[in-house]
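# Descriptive analysis of the structure
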Amino acid sequence: MRSAQSIFEDLGLCVRGAEIDVESLPFSASDITAGSESELQAVVIGDRNSVDLPLQIERSNYFANVSRHIAAGDTPRRVGAAIERYLNDNREQVWENSWARFSERLLSEFARQTFQDDLLADKRDHRRGLRADLGRFIVRERGETLMRVPVSYLLKLALAEVLGSQPNLPRAISATGVKLLGHFLNDNTSPETFSFYVTLLVPENGLGRELAREKAKRFLLSQLLLMYANRRLGLLDGGQRAMIYFAPHPPVRQKQLNDCISGAFYRELFMSPCLSGWDDGEAKHAYMSLCHQVLSRSQLNAVAKLREAGIVVNNLVVLPNLSNISLANNGSHVSLGSRKLTAAMREGHPSFGPVEEKLVGDLTIKIVEHFLPLFVGVYSAAPYRLDFADFHPEKVLGFLPHELDYTHLRMIWRRWRKKADLKIFGYAMTPCGPAWIDRLLSALFRLKGDWVADFRLLDYLVAVMSTESSPALDGSLGASERLKRDLADLGVFDTKMPLYLLYRLREFEVMGFTGFEGRYYSLFESLKEDVGRAVDLQALVTALAFKYQAQGKYAHADIPDNPFIESERRQIFFGAAIGVPTFFVRRDTTNRLLRAILSRTKRTRASRRYSGYLRVHNDDYRRALLQTLLEDGADLIEMFGLRETVDDLKSRLDDPANLSAAGKLTRGILEDTGLRSPMRMKAEEFNHQAERYYRDALRRRHTAEAFEFLIDDLRALEKRSARVDGAVRKALRDCLKGRDAAEMAERLRSRVVADEATEDELRSLINLTLLSVHLDLKASEKWIASQAGEISPERNRERNIDARVNALDPTPVY
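Described in the following lines is the structure provided in the data block. Position numbers for residues count from 1 along each chain, tracking the sequence in the order it is written. The model is predicted, so local features are restricted to residues of pLDDT at least 70 and side-chain atom pairs to those at 80 or more, both for listing and for counting; the totals for chains, interfaces and linings are taken over all residues. Side-chain measures were taken over the full set of non-hydrogen atoms in the model, leaving aside hydrogen atoms and water.

## Some remarks on the overall build of the protein
Helix and strand definitions follow DSSP, with helices as H or I runs of at least four residues and strands as E runs of at least two, each counted in order from the N terminus. Along the backbone of the protein there are 31 helices and 20 strands. Taking 814 residues into account, the globule formula puts the C-alpha radius of gyration at 28 Å, and the protein, at 27 Å, falls close to it. Principal-axis analysis of the C-alpha atoms gives the protein an extent of 80 × 80 × 55 Å. Only heavy atoms matter for contacts: two residues are in contact if any of them lie within 4.5 Å across the pair. Contacts in the protein between residues far apart in sequence, at least 24 positions, make up 79% of those at least 6 positions apart. Surface accessibility follows the Shrake-Rupley procedure with a 1.4 Å probe radius. Residue values consider only the protein chains on display as shielding. Carbon together with sulfur atoms contributes 49% to the accessible area of the protein, which is approximately 31,300 Å² in total. Neither His nor the chain termini are counted; the positive set is Lys and Arg, and the negative set is Asp and Glu. In plain terms, the charge of a residue is placed at NZ if it is Lys, CZ if Arg, CG if Asp and CD if Glu. Looking at charge distribution, the protein has the averaged site of its 115 positive side-chain charges lying 3 Å from that of its 110 negative ones. For a compact globule the rule gives 2.2 Å times the number of residues to the power 0.38, and the radius of gyration it is set against comes from C-alpha atoms.

Spelled out as structure tokens, the structure:
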């Protein structure tokens, strides 16, 4: 196996010897690019007789069959009563992940045609006709044709309606709008959007701040489009108000519904039909159903592993539901790319092909994983309360049996129980099983359960563990496929699914660029303060991994590829999500990088409980990671201009209650309760309060922050309006009609944040936002064109967009 150092030398990307020219490295300040995906929570607010989800449940064959079986005495009454409670006991009238319904006659011709195109069975072959499930989306009620679509697709349809409802729309706006239609994905359960353009991360623009700006403006456009749809498409008149916002957890009420319905009916209600984003939407929908079935089976198989690990010691277990809801979680993914490595792959460089990409990429992932505890709870979080009754290991440990070695799993479980103080008269206690007994024990002995910083990372299969015979990250081609086959045989995974990892290689042959995707972000408390800093740190850690390889400091053999060593470093990450204070590492660990980091930790001592292990404090380990960055990455910090980011990280580590994402989010959740600790509330109350906070106060804050980015961009546009092309100047005149762009956005900000803007006001703001994105796109496309002599797919895409714009508005090009 070649060394990464020799690969870099052949590419001429760094000088030989101890002194490294960090500017020449991949992912350096002049080389790094970025993009992101955002998953959002969707709700429809309204009476049960007006909103689609309760109507679908009430009118379903499933509910009718359950009612019949109850009447015949074949099914316990509690099953029907639980569904009735879900339908009736909803004082806030919030229906998470409901679809929306509206009259077809309200659509413009362009929006109607967009919908017809997405109903094709295969968008590449119109001869196949329409989808077989067409009846799901078009229904007849009271003599009127109604359309019912997920909120994720409603966003795309709203953008098409904005474009189609404005005759003679300036091409700078219309062409941009058509380009962005494909960025609103109808995937999984939640609305998902991905970057409108490739972001070049440069120090003079604040590095990660550029990605935060794009992400914020994308969120703002999504908000404006949904508010516009509520008004333009008559949702408000029909008793429905659709909303989207950032929220990390599957909703409490959706979990409760999942507990009383079948997996097949859950998929019918909540799995996306995949109308937008794929040529064969039905095939993608079938794939998402497969993912749900596989993860449901996987969590059930985890119970057997808990028995093997000695955590479940008798047959008193609460079996997980056969329908797992973890796919309804929402996170953010941030991808970083390297211009140099991408160019080497594109040009067929003899020293850097798929073999070298995999070798270097796997080692980078292993190095970066050691630093991921710096992100968990610090920059993003998912605060969650667990009552004593939730502490059945087969429920609360979720997918961890598939992610950690049994030794580390037992250690984490013991530390977690100690943190949650699950003791009666000094004896460790976990729930017995029958709910009434668990409630009685909790009340008698004041067993309150626990609060965790990032439950999303525990409630979802974020990183599968390698097997002894098939390591995932050993640098060899085909390693992922071999591991997936092993895991499929064990009932943990499916070969059709991409391998779940915390930091995933983005391969050139699949993605068109070489880079890495960070999949460990949950919820950001601030788009302005948290997103940019997190991307700064991700860039720094990735660059450090490449510096280590260029120096020859760490090779694959220094971080051995076996499940125990893999689990040894990942246990620290999961422990940070839980908030356990310590973890344990073998004194003679063969992981050289981990040993180097531990040499910088304080308060490390030999464990009295585990012979041959060191006891390490999580907080000390994080500070040792910071010290490692300061010492080993000093030249990278200077190159990227990240002194403020490093200082900010230190402040967050020193004062997590006030400055970390977990601390800020928890404080926001508790603000309206008058309480200072989540442990003063019952778990269900806290988690419901968290959902209200995300839906109301945090959504308004994120919207207001996004407006700040837009207003700054509009001010910059007005200052250089004389230098922009004629199409943009005409678009500005048409949008503003003599008004000041930034002043108009500033004036309407409070109305949008309060959801009081009119249809016309929203349309004007959407046009302005599209115009701002148009300039961003032009800058990005200009940079892309300068990097490659020929980008035929992009040119073909431009021709397709021209055709759609001409269909939308056959007016002359300005």
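That was the structure; now back to the text.
## As for the pairing of strand β4 (residues 99-103)
Most of β4 sits out of view: five of its five residues are buried. Alternating positions in β4 separate into two faces, W99, R101 and S103 on one and A100 and F102 on the other, with burial throughout. By definition, two strands form a pair when at least two bridges between them are found by DSSP. As judged from the five bridges shared by β4 and strand β6 (residues 144-150), these two strands associate in the antiparallel manner. The residue bridging S103 from the neighbouring strand is L146, located in β6. Burial classes: relative accessible area under 20% of the type maximum marks a residue as buried, over 50% as exposed, and values in between as partly exposed (1.4 Å probe, protein chains only).

## Overview of the sheet that holds strand β5 (residues 138-141)
Pairing between the strands of a sheet comes from backbone hydrogen bonds, and it takes one of two forms, parallel or antiparallel. Reading across from one edge, β4-β6-β5 is the order of the three strands in this open sheet, with antiparallel pairing throughout. Only two strands of the sheet have a single partner each, and these edge strands are β4 and β5. Shown here is a sheet whose adjacent strand axes are inclined to one another by a mean of 35 degrees, direction ignored. Whenever a helix is involved, its axis is fitted only over the stretch in contact; in every case the axis is a line through C-alpha atoms, and angles between N-to-C directions fall within 0 to 180 degrees. Its contacts with the sheet place helix α6 (residues 151-164) against β4 and β6, and it is angled at close to 110 degrees to β6.

## Comments concerning the packing of aromatic side chains
Each pair of aromatic rings is reported with the distance of its centres and the angle of its planes. Here a pair means two rings of Phe, Tyr or Trp (six-membered ring of Trp) with centres within 6.5 Å. Their orientation is stacked below 30 degrees between planes, edge-to-face above 60, and tilted elsewhere. The full count for this structure, using the stated rule, is 30 aromatic pairs. Judged by centre distance (6.4 Å) and plane angle (85 degrees), the rings of W413 and W416 are edge-to-face. With a gap of three residues between them, W413 and W416 both fall in helix α15 (residues 406-419), about one helical turn apart. Comparing W413 with W416, the two get one shared label, buried. Every member of this aromatic cluster is reached through a ring pair, and the members are F8, F27, F375, Y379, Y503, F516, Y520, Y521, F524 and F546. Whether a charge sits over a ring comes down to the Lys NZ or Arg CZ being within 6 Å of the ring centre and within 35 degrees of the ring normal. Lying over the aromatic face of Y86, R253 brings its terminal NZ or CZ to 4.1 Å of the ring centre. Sitting over the face of the ring of W95, R253 holds its NZ or CZ atom 5.3 Å from the ring centroid.

## Looking at the sheet that holds strand β20 (residues 613-617)
The three strands lie next to each other as β18-β20-β19, forming an open sheet whose pairing is antiparallel. Taken across any chain shown, the strands that pair with only one partner, and hence form the sheet edges, are β18 (582-586) and β19 (605-606). As defined by bridge partners, β19 adjoins β20 across two bridges and the pair is classed as antiparallel. Looking at the pairing, A606 lines up with L614 of β20. Contacts from helix α20 (residues 563-578) reach β18 and β20, with the element oriented near 160 degrees to β18. Against the sheet, helix α22 (residues 618-632) engages β18 and β20, with an angle of about 80 degrees to β20.

## Description of helix α1 (residues 4-11)
Think of an α-helix as 3.6 residues a turn; residues three or four steps apart then line up on the same face. Within the sequence span of α1, burial applies to A4, I7, F8 and L11. In a view along the axis of α1, the buried residues occupy a sector of 95 degrees, so they form one face of it. Among the structural elements, α12 (339-346), α13 (354-369) and α19 (527-551) are those in contact with the buried residues of α1. Picture the helix axis, draw a direction to every C-beta atom, and the arc is the one those directions span.

## Description of α20
Under the convention used throughout, the expected extent of a helix is 1.5 Å for every residue step, that is, one less than its residue count. End to end, α20 covers 21 Å across 16 residues, agreeing with the expected 22 Å (1.5 Å per residue, within 8%). Most pronounced at R570, the bend in α20 amounts to some 30 degrees. Of all 16 residues in α20, 15 are buried; the element is thus mostly enclosed. For this analysis, a polar contact is any N or O atom pair within 3.5 Å, provided that within protein one partner can donate a hydrogen and the other can accept it, and provided that sequence-adjacent residues contribute only side-chain to side-chain pairs. Of the residues flanking the start of α20, the one acting as N-cap is N562, its side-chain oxygen 3.1 Å from the backbone nitrogen of F564. The first or second residue beyond α20 is G579, which carries a positive phi of 95 degrees. The angle separating two fitted axes, one through the seven residues that finish at a residue and one through the seven that start at it, defines the bend at that residue.

## Overview of the side chain of S165
Relative to the helices and strands, S165 is located in the loop between α6 and α7 (171-180). A distance of 2.8 Å separates the side chain of S165 from the backbone oxygen of E161, its partner in a polar contact.

## So, the environment of T604
Mapped onto the secondary structure, T604 falls in the loop between α21 (592-598) and β19. For the pair T604 and P273, spaced 331 residues apart in the sequence, the C-alpha separation amounts to 52 Å. Non-local contacts of T604, meaning those with residues more than four positions away in its chain, are made with L614, R615 and V616. Here T601 takes part through its side chain, which lies 2.6 Å from a polar atom of the side chain of T604.

## Considerations on the pattern of salt bridges
Proximity of charged atoms lets side chains of opposite charge pair with each other. Salt bridges are defined by distance alone: a side-chain nitrogen of Lys or Arg within 4 Å of a carboxyl oxygen of Asp or Glu. Using the criterion set out here, one finds 66 salt bridges in the structure. Salt-bridge contacts for E210 lead to R213; the nearest nitrogen and oxygen are separated by 3.3 Å. Taken as a pair, E210 and R213 lie in helix α8 (residues 208-232) at a separation of three residues, close to a single helical turn. Taking the shortest distance from any N to any O, the salt bridge between K358 and D362 comes out at 3.0 Å. Here the residue K358 and the residue D362 both occupy positions in helix α13, the gap between them amounting to four residues, near one helical turn.

## Here's the deal with the nonpolar core
Ranked by size, the top nonpolar core spans 253 residues in total, and within it L154, W416 and Y694 carry the most contacts. Among the elements that take part in this core, α19 stands out by supplying 14 residues, more than any other. Setting aside anything within four residues of it in sequence, one finds Y694 in contact with Y245, F246, A247, P248, P383, L523, L665, I669 and R699. In these notes, a set of buried Ala, Val, Leu, Ile, Met, Phe, Trp, Tyr and Cys residues joined through side-chain atoms within 4.5 Å is what counts as a nonpolar core.

## Quick notes on the state of the cysteines
Chemically, a disulfide is nothing more than a covalent bond linking the sulfur atoms of two cysteines. Note on disulfides: each one is a pair of cysteine sulfur atoms within 2.5 Å. Summed over all chains, the structure comprises zero disulfides. Sulfur of C291: no disulfide; nearest cysteine sulfur belongs to C274 and is 9.8 Å away.

## Details of a nonpolar patch on the surface
Taken together, the side chains of F425, Y427, W436, L440, L444 and F445 make up a nonpolar region of the molecular surface, amounting to roughly 780 Å² of accessible area. In terms of residue count, helix α16 (residues 435-445) provides more of the nonpolar patch than any other element does, four residues in total. Checked against the element boundaries, L440 lands in helix α16. For L440, a relative accessible area of 44% corresponds to the partly exposed category. Each patch is built from salt-bridge-free residues with over 30% relative accessible area, joining like charges within 9 Å and nonpolar side chains (Val, Leu, Ile, Met, Phe, Trp, Tyr) within 5 Å.

## What to know about the packing of α22 against helix α24 (residues 643-654)
Their axes nearest at 11 Å, the elements α22 and α24 cross at an angle of 165 degrees. As judged from the angle between their axes, α22 and α24 are roughly antiparallel. The two elements α22 and α24 cross, and the hand of that crossing is left-handed. Here α22 contributes R622, R623, L626 and L630 to the contact with α24, which in turn contributes R643, V646, L649, K650, L653 and D654. Among the residues forming the contact of α22 with α24, the class breakdown is five nonpolar, no polar and five charged. Working rule for angles: under 35 degrees goes down as roughly parallel, over 145 as roughly antiparallel, 65 to 115 as roughly perpendicular, anything else as oblique. Crossing chirality is assigned from the near helix's rotation relative to the far helix, an anticlockwise turn below a right angle marking it left-handed and a clockwise turn marking it right-handed. As a working rule, the residues Ala, Val, Leu, Ile, Met, Phe, Trp, Tyr, Cys and Pro are called nonpolar, Asp, Glu, Lys and Arg charged, and the rest polar, with Gly in that last group.

## Side note on the pairing of β6
Within a regular strand, the side chains alternate between the two sheet faces. Among the seven residues that make up β6, six are buried, leaving the element largely enclosed by the rest of the structure. The sheet contact formed by β5 and β6 spans four bridges and is antiparallel. Considered in β6, the bridge of R140 is made with T145. The antiparallel hairpin formed by β5 and β6 contains two residues in its connecting segment, where R142 sits at a positive phi of about 50 degrees.

## Side note on the packing of helix α10 (residues 263-270) against helix α11 (residues 281-308)
The packing of two helices is summarised by the inter-axis angle and the distance between the axes. Running from amino to carboxyl end, α10 crosses α11 at an angle of 140 degrees, the nearest separation of the two axes being 11 Å. Comparing the axis directions of α10 and α11 gives the class oblique. Handedness of the crossing formed by α10 with α11: right-handed. The segment α10 lies against α11, with G263, Y266 and R267 engaging S289, H292 and Q293. Residue composition of the contact of α10 with α11, grouped by class: one nonpolar, four polar and one charged.

Without other data, these values stay purely geometric and don't point to any function.
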